[in-house]
Amino acid sequence: MCDDPLLPAPVARALAEYRALRDEHGPCWGEPPIPYVVQAWATVFLDRRYDYWQAALRQLGERHPPEQVEQHLDEVDVERAVRDALAGDVLDNLAALRLTPEGFALEADTQVVLDDRPFRTSLLLDSSTDEPVTVVVDGTPYEVAAHGAKVVALERDVSVGGQPVDLSPLRRRAEAAAIRVRAGFPCRWSVTGANGQGWYPDGAPPKVDSQRRPYFHGDDLVVAVPAEPITVTVARGMEYTTSELIITPEPGAETLVELAPERLYDAAARGWYGGDLHVHINWMGEEPAAPALAAAAQHGEDLHVLNLVAGNVSSERVYDVEALAHWAGEDLPWSDDRHVARMGVEYRNDLVGHVTAFGVRKPPRRYHTGFEGTVDWPPNAVALEELRALGAVTGYGHPFHTAFTDDDPPDVVLDSGRDCSAREIVADAALGLIDTLDVLNHSSLAGTAGVYRRLIGAGNRLAVTAGTDAVLSFCRRGTASSPPGWGRVYANVAGPLTAESYTEAILLGRTFATTGPWLELTVNGHCPGDTLELAPGQRVEIVLSSIGPEVESLEIRTSEGVLAQGPPGRLVATTTVNEPTYVVAVALGGPHPRATHRSGAYAHTSPVYVDVAGGHVAREADVRWCLAWLDRLEVLLREHGTFGSAAQLDDHLDLYERARAVYRKRLTQAS
C-alpha cells in the first residue's frame, strides 16, 4: 500500500508518538516544566481576559521579595494560579466545584449536548477550607490542600465525603439537527449557539481563536448542531470580509447554508503575496496535528506562503523533524500556483533568541542550544551561517516582549534572563548574518518595531517580516490557536510565486507586515527595498495609502522619527533631505474583529532607503544605542549563560566585538 501523500510513514509514526505523549502527560506532552511550558498548560483554560502571569507573580510575592520574584517562576502552583486568575469565573471547558466550610457547590457554563454519551470536561476543585478535602472524580480520589486548587478530568461522577455531586449544571440536552456549509471554495467557518458554544464537523479539532471564536476550515461540510438558533460566519483570511447568517435548523434534517465572504483586496493581482513564516504543526497542545490540517488552514485562509517549522520545546525532542526530513527543499503536496508551503526550521536558544528559516534545502545539523542544562554554545551566528548555506532566508521570531518606546535605552529590553528575546540580533545584523525581523509577531509589536527602527537607523539592512507562532496542535491558547496567517508578510514578487521568488523578494526588502491592513508606500515613486540616491537639499514626495476598515491612523517615519500622521486612506508628505535616512510607514488601529493581536490592528513596511551624496544611513544616536546594547548583552550573558569553558563564552564575546568594530566604523564614517 502506498503512503498517503499528506501522511508519509515517518510522519505518521511521529504523529502516533505525539498522541501517546498527549495521552500520558496531557497538553504539555511531558516536556520539562520550564515557565513557558507551565504557562502553556494554564492558557489552555485562560483566554486573553485572564492574566496568568499576574496571578503567578502575586502568588510568588507571598513568599519572596518583589525584586526576587522572577527568579522563582519554577515554584508557581499553576492550578492555584489558574483559579486566582479566573477570580470566581467559570469557563465552558472548566467547571468549578467550590469546596467551602459549609459544603460544596458546582458552578458551570452549561453546554448543549445532542445525545446521552458521556460528557467530558475539566473540573476545577477550588477550596476555601482550612483543612485538606478529598474529592473522588470518576473513581479516583484527589486531595485538595487547604485553600488550594486542582484541575482534573471529569466524565461520569464526582463525590465529596461520600456525597454525590449533582452534575446536571454541566449540560443541557437539545434536539439534533445538521447543517451543510458551502461557499464554493475553502473558507474559515464559525458555527455558534446562543451561548457562544462552537460546533464542528466530525474529525475537526475544536479550535478557538484569541477572540474566543470557534472555527474550522474547508468547504461543503456537514456539522451536527442543535435545532435552535445558531450563527454561521464565514471568512477567508485578511483579504476578505466576513459574512454571517442566523438560522434555526429543522430537527432531524440537514439544512444547506450557502454563504461566501467578499474580497476586500486582491494582493496577488498586484504581484504581492502574503506569508506566515513561523507556524508549528506540533508543539505540545490538546490535539496532535497532521499535515492535512495545515493544508486545510492554508487554503481556507488563502494564505499564499506557509512556513511550517520543526523545533523543540524544552527538551531534545524536535517536533515535526520527520516531516522536514521527508519534504526538505520541496513544496508540500497541497501547494499550487497561488499557495506555497514548505517545511522550515525554528532554531532556538532562550537566552539570545529564536531564529526561523524558510526555504532550507535539507535539514540542518543542529536545532537548539541551552536546554536541559546544556551549554549556550555555539552562538546563534553559527546556526545562521549553516541555515543560509542551506538556502534559507533567516529571521528572528517573536523578538521582544517588553513595552518599549523609541527613546528607551537597551536596558528596558535586556532586563531579564531566559525570555526568548532576540538579543543576538544586534550583533548578527551588523555582521550581515541575519536577513529579517518579525516586526509582526504575537508579542510586543511596539517594542519590536522600536528595536527594528534602531537597527535600520544604525545602518543595518533588514526586511520586515511576520511570523505568528501559530501552533496547529493547540485548540485554545490565544494567538497560538488562532489560524495561521492572522499576521502576514506581503512580498512583492517578480513573476510567478515560488519559494525561491518569495525568498528573493524578502531579501530585497520588498515587504510589509500586517494584521490585516493593506499598506502601500512610495518615495518619489520608489517602493520598500529600493534605494533612492539624492544630493543634499533635494526634496522628496512620500505617498502612503491604506485599505482596511480596522485602520484608524497612518504614520510616515524617517530615521529622525515621525514625519507625518493622518487618517486612514491616503497620507502625503514632502521633506527636504540633507542627511542619509530611511522612510517607513505604519498603520495603526484599536481592537477590531479582523485584528487578532491584543494590541489591535497594525502594519509596518520595510524601508525605502535614502542615500545622500553616496552616504548610507547610520544615525549616530542609533549606532551608539546598538553599542550600548552589546555592552549590556555581554553583562546579561555572564549573569545568565551556561558554558562549559571560558572559550565557549569567548566565542560569544568575540562575536560582539566584531559587531562593535562594524558600528564604530560607521560612527567614524558618519562623522
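Because the structure is predicted, anything quoted here is derived from the model rather than measured.

> An account of the overall build of the protein chain is needed here, citing residue identities and associated values.
Within the protein chain one finds twelve helices and 38 strands. For the protein chain, the C-alpha radius of gyration of 26 Å lies close to 26 Å, the compact-globule estimate for 671 residues. Dimensions along the principal axes, computed over C-alpha positions, put the protein chain at roughly 85 × 60 × 55 Å. Counting the 671 residues in the protein chain, one finds 59% classified as buried. For the protein chain, the share of sequence-separated contacts (at least 6 apart) that also reach a separation of at least 24 residues comes to 72%. Counting only carbon and sulfur atoms, one obtains 50% of the accessible surface of the protein chain, whose full area is about 25,800 Å². Positive and negative charge centroids in the protein chain, built from 58 and 94 side chains respectively, lie 3 Å apart.

> Can you tell me about the environment of aspartate 435, naming the residues and giving the values?
Along the chain, aspartate 435 turns up in the loop between helix H8 (425-430) and strand E25 (436-440). Put simply, aspartate 435 and threonine 465 are 30 residues apart on the chain and 9.6 Å apart in space, counted from C-alpha to C-alpha. Not counting the four nearest positions on each side in its chain, aspartate 435 is found in contact with Arg388, Ala392, Val393, Thr394, Arg461, Leu462, Ala463 and Leu507. Looking at aspartate 435, its side chain comes within polar contact range of the main-chain nitrogen of threonine 394, at 2.9 Å.

> Could you give me a rundown of the pairing of strand E26 (residues 463-466), with the residues and numbers involved?
The alternating pattern of E26 places Ala463 and Thr465 on one face and Val464 and Ala466 on the opposite face, and all of these are buried. The pairing of E25 with E26 spans four bridges and is classified as parallel. What sits directly across from aspartate 438, in E26, is threonine 465. A crossover connection joins E25 to the parallel E26 through helix H9 (residues 445-457); in handedness this β-α-β unit is right-handed.

> Could you give an account of unusual backbone geometry, with specific residues and numbers?
In this chain, tryptophan 377 is followed by proline 378 through a cis amide linkage whose omega measures 5°. One non-glycine residue, aspartate 302, adopts positive backbone phi at about 50°. With respect to the helices and strands, the residue aspartate 302 is situated in the loop between helix H5 (291-300) and strand E20 (305-312). A relative accessible area of 2% means that aspartate 302 is categorised as buried.

> Let's hear about the packing of aromatic side chains: which residues, and what values?
Tallied over the full model, the rule gives 17 aromatic pairs. Ring geometry for tyrosine 18 versus tryptophan 29: centroids 5.6 Å apart, planes at 20°, classification stacked. Pair noted here: tyrosine 18 is in helix H1 (residues 9-25) and tryptophan 29 is in the loop between H1 and helix H2 (35-43), with a separation of eleven residues, a long-range link. Like tryptophan 29, tyrosine 18 is buried. Their ring planes at 85° and their centres at 5.9 Å tell us that tryptophan 272 and tryptophan 518 sit as a pair that is edge-to-face. Of the two residues, tryptophan 272 sits in strand E19 (residues 272-280) while tryptophan 518 sits in strand E30 (residues 518-523), which places them 246 residues apart along the sequence. The exposure class assigned to tryptophan 518 is buried, which follows from its relative accessible area of 1%. Aromatic rings pair up to connect Tyr265, Trp272, Tyr490, Phe512 and Trp518 into one cluster. Positioned over the ring face of tyrosine 609 is arginine 461, at 3.7 Å from the centre of the ring. Between the NZ or CZ atom of arginine 477 and the centre of the ring of phenylalanine 474, over which it lies, the distance is 5.2 Å.

> Just give me the short version of the packing of H9 against helix H11 (residues 620-640), but keep the residues and values in it.
Interhelical geometry of H9 versus H11 gives an angle of 115° and a closest axis separation of 8 Å. When the axis of H9 is compared with that of H11, the two are roughly perpendicular. Note that H9 runs across H11; the crossing there is left-handed. The residues of H11 that touch H9, namely those facing Val451, Arg453, Arg454, Leu455 and Gly457, are Ala621, Asp622, Trp625, Cys626 and Trp629.

> Account for the pattern of salt bridges, with residues named and values stated.
Scanning the entire structure with this criterion turns up 51 salt bridges. Glutamate 550 serves as the salt-bridge partner of arginine 594, at 3.1 Å between the closest nitrogen and oxygen. Taken together, the residues span a long stretch of sequence, with arginine 594 in the loop between strand E36 (581-588) and strand E37 (602-605) and glutamate 550 in the loop between strand E32 (538-547) and strand E33 (553-558) at a distance of 44 residues. Taking relative accessible area as the criterion, glutamate 550 reaches 2% and is therefore assigned buried.

> Tell me about the environment of glycine 373, residues and numbers included.
Within the secondary structure layout, glycine 373 lies in the loop between strand E23 (353-358) and helix H7 (380-389). Taking the C-alpha atoms as reference points, glycine 373 and phenylalanine 643, 270 residues apart in sequence, are found 9.5 Å from one another.

> Let's hear about the sheet that holds strand E1 (residues 94-100): which residues, and what values?
Judged by pairing direction, the sheet is mixed, and its four strands sit side by side in the order E2-E1-E4-E7 without closing on themselves. Lying at the two open borders of the sheet, with one neighbouring strand each, are strand E2 (103-107) and strand E7 (149-154). Strand-to-strand twist across the sheet, computed as the mean angle between neighbouring axes with direction ignored, equals 20°. In terms of strand pairing, strand E4 (residues 121-127) meets E7 through six bridges, oriented antiparallel. Along E7, the bridge assignment pairs leucine 125 with lysine 150.

> Outline the side chain of serine 473, listing residues and values.
Locating serine 473 in the fold gives a position in the loop between strand E27 (470-471) and strand E28 (488-492). What makes serine 473 buried here is its relative accessible area of 0%. Setting aside its immediate chain neighbours within four residues, serine 473 contacts Trp29, Ile281, Asn282, Trp283, Met284, Gly285, Glu286, Glu287, Pro288 and Ala289.

> An account of H9 is requested, with residue identities and associated values reported.
In a regular helix each residue adds 1.5 Å, so 13 residues correspond to 18 Å; H9 covers 18 Å between its end C-alpha atoms and thus fits that length. Of all 13 residues in H9, twelve are buried; the element is thus mostly enclosed. Burial in H9 covers these residues: Leu445, Gly447, Thr448, Ala449, Gly450, Val451, Tyr452, Arg453, Arg454, Leu455, Ile456 and Gly457. One side-chain oxygen at the N-terminal end of H9 lies 2.9 Å from the backbone nitrogen of glycine 447; it belongs to serine 444. Positive backbone phi, at 100°, marks glycine 459, one or two positions downstream of H9.

How each quantity is defined
Residues numbered from 1 in each chain as written. Predicted model: local features only at pLDDT ≥ 70, side-chain atom pairs only at ≥ 80, totals over all residues. Heavy atoms only, no water. Helix = DSSP H or I, 4+ residues; strand = E, 2+ residues; numbered from the N terminus. Rg over C-alpha atoms; globule rule 2.2 N^0.38 Å. Buried < 20%, exposed > 50% of the residue type's maximum accessible area, 1.4 Å probe, protein only. Contact = heavy atoms within 4.5 Å. Areas by Shrake-Rupley, 256 points an atom, 1.4 Å probe, with all protein chains shown as cover. Lys, Arg positive; Asp, Glu negative; His and termini not counted. Charge placed at Lys NZ, Arg CZ, Asp CG, Glu CD. Polar contact = N/O pair within 3.5 Å; in protein donor to acceptor, adjacent residues only side chain to side chain. Pairing = 2+ DSSP bridges. Right-handed = clockwise from strand over helix to strand, strands pointing away. Phe/Tyr/Trp six-rings, centres within 6.5 Å; stacked < 30°, edge-to-face > 60°. Lys NZ or Arg CZ within 6 Å of the ring centre and 35° of its normal. Axes fitted to C-alpha atoms, helices over the stretch in contact; angles between N-to-C directions. Parallel < 35°, antiparallel > 145°, perpendicular 65-115°, else oblique. Left-handed = near helix turned anticlockwise from the far one by under 90°. Salt bridge = Lys/Arg side-chain N within 4 Å of Asp/Glu carboxyl O. Expected span 1.5 Å × (residues − 1).

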